Amino acid sequence: MKRLPKEKQRQLVLVALGTLVVLAGVWFGLVGPQQAALEQVGQQIDDLRRQIADARKVLNRAPTIQEALDQAAAELDRCEQQMAAGDYYAYLINEIRQFRSQYPVEIPQFSTINGPGPVDLLPGFPYRQVSMTIAGSAHYHDLGRFLADFENRYPYWQLRNLEIEPAPASGTEGTHEQLAFRVTVVALVRSGS
């Protein structure tokens, strides 16, 4: 370059600088945005691959999920079979008397049945409820055992508003240990029943 005249050297430097500016412009104007777009498309491809992998996992679990759903439906059907059906009054009285026969608890009073009406504990619950108040007498421990076992035997029934007081004396020995009780029995029934 020393052999070239100064004018030619300056022109050569200007051409080199111009070429660098044009190359930088092409890089930042065309190549850079294209690379950013390629990276974005690559990220979208990775996201889609992850979604496809997740969908395949769900599809592979479909038989397990279907089996669990079938088991839950069978369990629900079994539970619904234990709910009050038909003549609710007779059904509740028969079930209570049959259960009571295993305990030294007297239940001579059954109120009329209320319902079926909407379930008042859970809004939008797909079942209805009926209720009946029962009254009777028993010893303290016998009553406690009866009530606990009753709620365990009938998980779709609920005992509410338990009232306990000493039983009135009837002149016989041992009645001072008796308690008079009154409780409301609430039972779930199917909406279509």
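Conventions we followed
- Residues numbered from 1 in each chain as written.
- Predicted model: local features only at pLDDT ≥ 70, side-chain atom pairs only at ≥ 80, totals over all residues.
- Heavy atoms only, no water.
- Helix = DSSP H or I, 4+ residues; strand = E, 2+ residues; numbered from the N terminus.
- Buried < 20%, exposed > 50% of the residue type's maximum accessible area, 1.4 Å probe, protein only.
- Contact = heavy atoms within 4.5 Å.
- Areas by Shrake-Rupley, 256 points an atom, 1.4 Å probe, with all protein chains shown as cover.
- Patch = residues over 30% accessible without salt bridge, like charges linked within 9 Å, V, L, I, M, F, W, Y side chains within 5 Å.
- Salt bridge = Lys/Arg side-chain N within 4 Å of Asp/Glu carboxyl O.
- Core = buried A, V, L, I, M, F, W, Y, C linked by side-chain atoms within 4.5 Å.
- Expected span 1.5 Å × (residues − 1).
- Arc of directions from axis to C-beta.
- Bend = angle between axes of the 7 residues up to and from the residue.
- pLDDT = per-residue confidence, 0-100.
- Phe/Tyr/Trp six-rings, centres within 6.5 Å; stacked < 30°, edge-to-face > 60°.
- Axes fitted to C-alpha atoms, helices over the stretch in contact; angles between N-to-C directions.
- Parallel < 35°, antiparallel > 145°, perpendicular 65-115°, else oblique.
- Left-handed = near helix turned anticlockwise from the far one by under 90°.
- Nonpolar A, V, L, I, M, F, W, Y, C, P; charged D, E, K, R; others polar.

J.: With reference to specific residues and values, describe the overall build of the protein chain.
T.: Helix and strand counts for the protein chain come out as three helices and five strands. Considering the protein chain as a whole, with its 193 residues, one finds that 26% of them fall into the buried category. In the protein chain, the share of contacts with a sequence separation of at least 24, taken over all contacts with a separation of at least 6, comes to 64%. For the protein chain, the accessible area works out to roughly 13800 Å², and carbon and sulfur atoms hold 58% of it.

J.: Quick rundown of a nonpolar patch on the surface? Include the residues and the values.
T.: On the surface, a nonpolar cluster with roughly 490 Å² of combined accessible area is contributed by Val13, Leu14, Leu17, Leu20 and Leu23. Among the structural elements, Leu14 can be located in helix 1 (residues 6-81).

J.: Any details on the nonpolar core? Residues and values, ideally.
T.: Among the nonpolar cores identified, the biggest contains 30 residues, and Ile96, Ile107, Ile134, Phe146, Phe150 and Trp157 are the most heavily contacted of them. Counting residues per element, the ones that place at least two in this core are helix 2 (88-100), strand 1 (106-110), strand 3 (127-139), helix 3 (140-153), strand 4 (157-166) and strand 5 (178-190). Looking at this core element by element, the count peaks at six residues for strand 5. Contact partners of Phe150, with chain neighbours within four places excluded, come to Ile96, Phe99, Trp157, Leu159 and Val185.

J.: Explain helix 2 to me, using residue names and the numbers behind them.
T.: In a regular helix each residue adds 1.5 Å, so 13 residues correspond to 18 Å; helix 2 covers 18 Å between its end C-alpha atoms and thus fits that length. Within helix 2 the residues assigned to the buried category are Tyr88, Leu92, Ile93, Glu95, Ile96 and Phe99. Here the buried residues of helix 2 occupy an arc of 165° about the axis, which is enough to place them on one side.

J.: Outline helix 1, listing residues and values.
T.: Taking 1.5 Å per residue as the helical rise, helix 1 with its 76 residues ought to reach 112 Å, and the 106 Å between its terminal C-alpha atoms agrees with that figure. Residue Ala62 marks the point of greatest curvature in helix 1, where the axis turns by about 50°; the proline Pro63 follows within four residues. Within helix 1 the residues assigned to the buried category are Gln9, Cys79 and Glu80. Where helix 1 is buried, its residues touch strand 3 and strand 5.

J.: Tell me about unusual backbone geometry, residues and numbers included.
T.: The residue Asn161 is not glycine, and still its phi comes out positive at about 55°. Tracing the sequence through the fold places Asn161 in strand 4.

J.: So, the environment of Gln158: which residues are in play, and what are the values?
T.: Checked against the element boundaries, Gln158 lands in strand 4. Expressed as a C-alpha distance, the spacing of Gln158 and Ser131, which sit 27 residues apart in the sequence, is 9.2 Å.

J.: I'd like to hear about the confidence of the model for the protein chain, residue by residue, with values.
T.: Confidence in the prediction of the protein chain, expressed as mean pLDDT, is 80, and 88% of residues score 70 or more. Here strand 2 (residues 114-118) stands out as the least confident element of the protein chain, with mean pLDDT 69; helix 3 is the most confident, with 85.

J.: With reference to specific residues and values, describe the packing of aromatic side chains.
T.: Here the structure, examined in full by the defined rule, presents five aromatic pairs. Ring plane angle 35° and centroid distance 5.1 Å describe the contact between Phe99 and Tyr103, whose orientation is recorded as tilted. Considered together, Phe99 and Tyr103 belong to a single accessibility category, that of buried residues. Linked through ring pairs, Phe99, Tyr103, Phe146 and Phe150 together constitute an aromatic cluster.

J.: Got a sec to walk through the packing of helix 2 against helix 3? Specific residues and values, please.
T.: How two helices pack is summed up by the angle between their axes together with the distance between the axes. Packing of helix 2 against helix 3 leaves a shortest axis separation of 11 Å and a crossing angle of 130°. Taken together, the axis directions place helix 2 and helix 3 in an arrangement best described as oblique. For helix 2 against helix 3, the interelement crossing comes out right-handed. Judged by residue contacts, Glu95, Ile96, Phe99 and Arg100 of helix 2 engage Phe146, Asp149, Phe150 and Arg153 from helix 3. Classifying every residue of the contact of helix 2 with helix 3 by side-chain character gives four nonpolar, no polar and four charged.

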